[in-house]
Amino acid sequence: MSNSVGSERSPYAAFSGPNLGYVMEMYERYKDSPESVDPELAEFFKRNGAPAAGDSSSLTSSVPAGGGSPADYRNVLSAYRLMDAIRAYGHLAADIYPLNDRPKDATRIELSAYDLSERDLEAMPASLFLNDAPSHVENALDAVNYLNSLYTGKIAYEFAHLIDEDEKQWIQQSIESGKLSISLNAEEKKQLLDRLTRIEGFEKFIHRTFVGAKRFSIEGLDTLVVFLDELVRRSEEAETKKMLIGMAHRGRLNVLTHILNKPYEMMFAEFAGVPSSPFLPEDGSVEVTRGWFGDVKYHLGALYKGKNGMDRFLAYNPSHLEVVNPVIAGQTRAAQENTDAPGIPVQDTNAAYAVMVHGDAAFPGEGIVQETFNFSRVRGFQTGGSIHVIANNMIGFTTEYYDSRSTHYSSDMAKGFEVPIVHVNADSPEEVLAAALFAFNYRQKFGKDILIDLIGYRRYGHNEMDEPMVTNPVMYNGVHSHKTVRQLYGESLVSAGILSAEDVEKLDADVFAEMQRAYDKVKETSADSNPASNATPEAVLAGYARDLQTGVEENRLRQMNEELLTYPENFHVFSKLDRILKRRQDPFNGKGKIDWAHAEQLAFGAILQDGKPIRMSGQDVQRGTFAHRHLVLHDEETGEEFVPLHHISGSNASFVAYNSPLTEAGVVGYEFGYNLEEEKTVTIWEAQYGDFSNMAQVMYDQFISSSNAKWGQQSGLIMLLPHGYEGQGPEHSSTRIERYLQLCAENNWTVANISSAANYFHVLRRQAAILGDEAERPLVIATPKSLLRHPLVGADVTDLTEGHFETVLEEPNTGSQTNQVKKLILTSGKMAIDLAEKVKGSEGFEHLHIARIEQLYPFPSDKVSAIIQRFPNLEEIVWVQEEPKNMGAWSFARPYLQEVAGGLPVNYTGRIHRASPSEGNGTMHKTEQQRIIEEALKN
């Protein structure tokens, strides 16, 4: 079989009678001496092996000895190769460019390239090459013409790169059997024209009514809406519950209007700058959320509750192209999962699926696209196939295609993930419908991603105020003379006698009049509207309840601990690990402390018993970067997995911990999306080291820290970022906590640098408790590395049975004689433990008191103020940190400290300003760390 495209038939099926006899004879000769046969034939045998028994079954005594002529054989083989080439390379000669501004390459599929003539082909029956050929396909020439009509028209296919033969055979059979063709009757064609008229009319109305307003119009790719329409129809037939769409701003307003059914009045109100909420449908079918600070209209999303039981959601999105892809993938996974029972969530991939609309320049240009494709078949992240669409207007901002990528097509990157690609001319709405049908059927059949390259153009500049003739004159001379898809399709209906030219023009006028009535309604209503306020809501400023009780009864913890250390009878835990884990019994027997990972697992168990599911991901999270966690155990003999948290009594929620692909932006975006869709799930991402989180900065900036203020989307995502200076150099020391603190405002998230296992237990329990409430917000935790097993970080059982998360912890070995304290040291994280080790004996430190700021934001000013008030002879407040002065929490904390200092000096002890976060030499680090501690503790 050809190595380019699969076939349902053996390649030997193309030969019969004397020709097959000749091939059989040549194969016998090839076995003895490969060099003795024609090189092309030798390559054919090498690729396809021996003829199977069934291939020669037609040979009878009628086959003469010596077989047929070599010329007959060569013609059959050449015809077979030609048809194979049409399937593999027809897309290069296809009519897929509306502006007809790209050369077509037919050199690989011309008869002359195979030394064939039309007469040669006419002499061979079509049945040699095609199964179930249409009745009009009688000979090989007819077969070649038929295949050309399928593979070089206004829709073209790339699937030769797929590895799975079943997929290739299914695709080929679907194309060549005609199953993908869309045959519309006259009424359906009229409806399609009506849809195109509304899509174009919406853009024209805004262009004329709101002159110069940015809208990033869809014009030139109008059939994107037609494509989505067809997906909606097919999804409803399949009883899919939700379609989730992620896209950037190009064409977004049209999708909101015509796919999410956001009323024209709402869109026009937003352009007019007046409240749009009065125009929400009264039946509640359309839901939108808004933050108090808001965002531009082409970043907003919506949810449409379909009357046929299928919801449609368009994700809220910043202008950062493609970053919504992993977010919508995570939301889709959450929409597919049932998390209401212990164990792994039950996933139904038919319940929901994602549609990701990409830009043609951004698709190969932005690495987040590749990160998201890589999720497609990873067990913790796959969603049963996403449908990808490149909204290809053949230009990026002002960049021509030859300056934006190194590949022939913008879609080529997807080939590495074995994704079939369909190129379709956006000026051909019926072929666009066929592409949508193919995409949906493929996703349903194989549960894999598929990519549609919808090729059109951009009628105006990057935005409607740009003049594209300045930078792209050749392209835009073509655009300006090119009719719209509505005009072209309308003319085709007139030519077919389905409508008159007057009917087409009347439809256009009627749509414009309908939109004018909608705008008139907006103008009438807006006169009485009050301007919106961007003040932070009181509920947001109030935050969560202080000192929320999160303790767990001792008997409950004790039983859970025993269950977590009980394994199936024939399960063999690695002996060394078994001894380590069994030590977790000691704290419940009055010996030792509960370390960080132990406290975490007990917190997880209690959360599951409270009915909150947990999803955790990140690089190596099952074991933990520092070999401390071990949420998933492996049988040392069989490799079988066992998850103790699946087997605790009283749990009524699912638990998963997934080792993620080695990516940060993609996984953080995915988990943010998962948490948005499944808000009751405690969703956790852990960085392998805190500074790995740098790679996900766009997700923090554009989504996690600001989604509530911009879009009214609350998130309770937890981010664990290992942080601490152990002399290991610039990388993997600092999580750059200053960056998260810089983003703090309006109670948007909690940022903590925790140095207590008990506090970690309580903050996880607190976060679980506020999920779904108005107080819900993300949680950023700088977690320990070397302190994970440190005795001063460990907890007693009683620390977990009562109390709550302490935003400030005071050092018990200092400050007992309040009148003698002159210096108050405030610190955070690992530095607090370094200082605590030095003052363990208490002697010589009567002059100072140490307090750890465990929660940096919201800053616990009230508790710090109360501590200051206890020491009447206090002379100074000193902030001590291990990070350089221009990093860490100093710059953030200083204004808060000055507010509560009551006129006392607020000083700094730590490293000086540095460009790099940490020394590159371990000895230098120890020297500098010792200097900081000595300076901080001196009288």
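Here, every reference points to the structure presented above.
What counts, and at which threshold
- Residues numbered from 1 in each chain as written.
- Predicted model: local features only at pLDDT ≥ 70, side-chain atom pairs only at ≥ 80, totals over all residues.
- Heavy atoms only, no water.
- Buried < 20%, exposed > 50% of the residue type's maximum accessible area, 1.4 Å probe, protein only.
- Helix = DSSP H or I, 4+ residues; strand = E, 2+ residues; numbered from the N terminus.
- Pairing = 2+ DSSP bridges.
- Axes fitted to C-alpha atoms, helices over the stretch in contact; angles between N-to-C directions.
- Contact = heavy atoms within 4.5 Å.
- Parallel < 35°, antiparallel > 145°, perpendicular 65-115°, else oblique.
- Phe/Tyr/Trp six-rings, centres within 6.5 Å; stacked < 30°, edge-to-face > 60°.
- Lys NZ or Arg CZ within 6 Å of the ring centre and 35° of its normal.

Draft legend 1. Just the pairing of strand β14 (residues 614–618), in detail. Judged by how many residues are buried, β14 sits mostly within the fold: five of five residues are covered. The side-chain alternation of β14 yields two buried faces, one formed by I614, M616 and G618 and the other by R615 and S617. As paired elements, β14 and strand β17 (residues 655–659) share five bridges and run parallel to each other. The residue bridging G618 from the neighbouring strand is N659, located in β17. Alignment of β14 against strand β18 (residues 682–686), held across five bridges, turns out to be parallel.

Draft legend 2. Representation of the sheet that holds strand β20 (residues 750–753) in the model. Strand order in the open sheet made by the seven strands is β17-β14-β18-β19-β21-β20-β25, with mixed pairing throughout. Each having just a single partner strand, β17 and β25 (855–857) make up the two edges of the open sheet. Direction aside, the axes of adjacent strands within the sheet are offset by 20° on average. The strands that helix α23 (residues 665–677) touches are β14 and β18; relative to β18, the one it contacts most, it runs at about 175°.

Draft legend 3. Looking closely at the pairing of strand β8 (residues 352–359). In terms of burial, β8 is largely enclosed, as seven of its eight residues are buried. By the bridge criterion, six bridges tie strand β2 (residues 242–247) to β8 in an arrangement that is parallel. Counted as the bridge partner of L244 is A354 from β8. In terms of strand pairing, β8 meets strand β9 (residues 387–392) through five bridges, oriented parallel. Looking at the pairing, V355 lines up with I387 of β9.

Draft legend 4. Looking closely at the sheet that holds strand β4 (residues 302–305). Reading across the sheet, the nine strands line up as β1-β12-β13-β9-β8-β2-β5-β4-β3 and stay open at both edges, with mixed pairing between neighbours. The open sheet has two free edges, formed respectively by β1 (155–158) and β3 (286–287), since each of these has just one partner strand. Sheet analysis places β4 next to strand β5 (residues 311–314), joined by four bridges and oriented antiparallel. Across the sheet, Y304 pairs through a bridge with R312, a residue of β5. Relative to β8, helix α8 (residues 223–237) is tilted by about 170°, and along the sheet it contacts β2, β5, β8, β9 and β13 (450–455).

Draft legend 5. Looking closely at the packing of helix α20 (residues 554–564) against helix α22 (residues 596–609). Between α20 and α22, whose axes approach to 10 Å, the crossing angle comes to 105°. When the axis of α20 is compared with that of α22, the two are roughly perpendicular. The residues of α22 that touch α20, namely those facing R556, L557, M560, N561 and L564, are H598, Q601, L602, G605, A606 and Q609.

Draft legend 6. Structural detail: the packing of aromatic side chains. Counting across every chain of the model gives 45 aromatic pairs. When the ring of F375 is compared with that of F381, the centres are 5.0 Å apart and the planes differ by 15°; the resulting orientation is stacked. The buried category is assigned to F381, whose relative accessible area is 1%. Measuring from centroid to centroid gives 5.1 Å for Y442 and F446, while their planes differ by 40°, and the two rings are tilted. Here F446 and Y442 lie together in helix α15 (residues 429–446), a separation of four residues that amounts to about one turn. Site record: aromatic cluster; members linked through ring pairs are F202, F205, F210, Y264, F268, F271, F512 and Y519. The ring of Y401 carries the charged tip of R102 above its face, separated from the ring centre by 3.9 Å. One cation-aromatic arrangement involves R108 over Y89; the distance from NZ or CZ to the ring centre is 5.3 Å.

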